[in-house]
Structure formats: structure tokens, C-alpha cells
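# What the coordinates show
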Amino acid sequence: MASFNKVILMGNLTRDPELRFTPKGTAVAKLGLAVNRVWKTETGETKEEVLFIDVDAFSRQAETIGQYLKKGSPILVEGHLRLDTWDDKQTNQKRSRLGVVLENFQFMDSKGTGDGEAAPRSRPAPSAKAPPTESDGPPPEDDDVPF
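Residues numbered from 1 in each chain as written. Predicted model: local features only at pLDDT ≥ 70, side-chain atom pairs only at ≥ 80, totals over all residues. Heavy atoms only, no water.

### So, the pattern of salt bridges
- For the structure shown, the criterion picks out 15 salt bridges.
- Between Asp84 and Arg97 there is a salt bridge, and its shortest N-O distance comes to 2.8 Å. Separated by 13 residues along the polypeptide, Asp84 in strand S5 (residues 74-87) and Arg97 in strand S6 (residues 94-107) bring together distant segments of the chain. (Salt bridge = Lys/Arg side-chain N within 4 Å of Asp/Glu carboxyl O. Helix = DSSP H or I, 4+ residues; strand = E, 2+ residues; numbered from the N terminus.)

Shown next as C-alpha cells:
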């Protein structure tokens, strides 16, 4: 039986990330992500649906998220679905929650590099740039934006 468990979501954080550490020192960040979907009905009426998704991040990615993101920050999350089940101590009923375990992420604003790591605080000096290779083509001009 074949199976595939992959989720890609883009949205905004509903709260500041909750960063904690396990007894062994592993960072764990709990995120709330709001994902909107807008569509038009057959009558032309615009409808909107908002989903609230719990996301868990671990290790260095959790630390980076805790350091650079806050409530309202846009983020793209890649991960897999996980079903948590437990017994509710008040009602003695089985409870479950479907969430996402983060595997990779990208900052969606200018504060990040887009690869899950923090952007450098300042641009490197021109002498610090690596020389372009033949496959790179000409170096981009800072003041000549192609669009």
C-alpha cells in the first residue's frame, strides 16, 4: 500500500511562537498558523474560510522561528501531518488533534533569506563576494531591477 504524507501551507502566525526546551536541550516551538481561502460562489458572492492549524517545530528551526517570528508574521511551512490522541481527564473521552510537524520553512517577508535561516544583519562588502563563474552570467546590478 502506497502512502504519502506531505503538507505545504502558507499563512500568518496567530500568536507568538512558544519556544521551550526538552530536558535533553532540544528546542521545541509551538506555532499557530492561520490559512485563508477566498473563493466566489456561483452567484458571484465572495466567501472566505480561515483554517487554524497547530504546527510543531524542533531543534535549530524551532530556535530560529522563536527568535525571528512573532504574531502576524507570514511563513511558508512544509511538513507532515500527525494525529495526537489522548484521554480527556475531565470527560474521560478519547480526544484527537490533527497537526503539522514542521520539516522545512521559509520566511515570507524581507527579514529572512527564504531558506529557514536568519538573514545576515548587513550586506557583505563587495570584496567579500565570490567571483562569478561562467554559468552564473553577469553579476546583477543593484540599481537596475529587471521588472
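Here the narrative resumes.
### Describing the side chain of Asp56
- Positionally, Asp56 belongs in strand S4 (residues 46-58).
- Asp56 sits in the buried class, given a relative accessible area of 5%.
- Separated by 2.8 Å, the side chains of Asp56 and Arg82 make a polar contact.
- Contacts of Asp56, omitting those with residues within four sequence positions, involve Ala29, Lys30, Arg82, Arg97, Val100, Val101 and Leu102. (Buried < 20%, exposed > 50% of the residue type's maximum accessible area, 1.4 Å probe, protein only. Polar contact = N/O pair within 3.5 Å; in protein donor to acceptor, adjacent residues only side chain to side chain. Contact = heavy atoms within 4.5 Å.)

### Here we look at the packing of aromatic side chains
- Going through the model one piece at a time under the given rule, you end up with two aromatic pairs.
- For the pair Phe105 and Phe107, a centre-to-centre distance of 5.3 Å together with 85° between the ring planes defines the contact as edge-to-face. Phe107 matches Phe105 in its accessibility class, with the two residues each being buried.
- One aromatic cluster in this structure is built from Tyr68, Phe105 and Phe107. (Phe/Tyr/Trp six-rings, centres within 6.5 Å; stacked < 30°, edge-to-face > 60°.)

### Overview of the nonpolar core
- Residues Leu33, Val55, Ile65 and Ile75 are the most contacted members of the largest nonpolar core, which totals 20 residues.
- Listed by contribution, the elements that provide at least two residues to this core are strand S1 (7-13), strand S3 (27-40), S4, helix H1 (59-68), S5 and S6.
- Excluding residues that lie within four positions of it along the chain, Leu33 makes contacts with Leu9, Gly11, Asn12, Leu13, Thr14, Leu51, Phe52, Ile53, Val55, Ile75 and Val77. (Core = buried A, V, L, I, M, F, W, Y, C linked by side-chain atoms within 4.5 Å.)

### Some thoughts on unusual backbone geometry
- For Ser59, which is not a glycine, the phi torsion comes out positive at approximately 60°.
- Its location among the elements puts Ser59 in helix H1.
- Even without a glycine there, the phi angle at Asn92 is positive, about 55°.
- Tracing the backbone through its elements, the reader meets Asn92 in the loop between S5 and S6.
- When its relative accessible area of 67% is taken as the criterion, Asn92 is described as exposed.

### A short note on the environment of Gly66
- Positionally, Gly66 belongs in helix H1.
- Between the alpha carbons of Gly66 and Pro17 there is a distance of 5.6 Å; along the sequence they are 49 residues apart.
- Contacts of Gly66, omitting those with residues within four sequence positions, involve Pro17 and Leu19.

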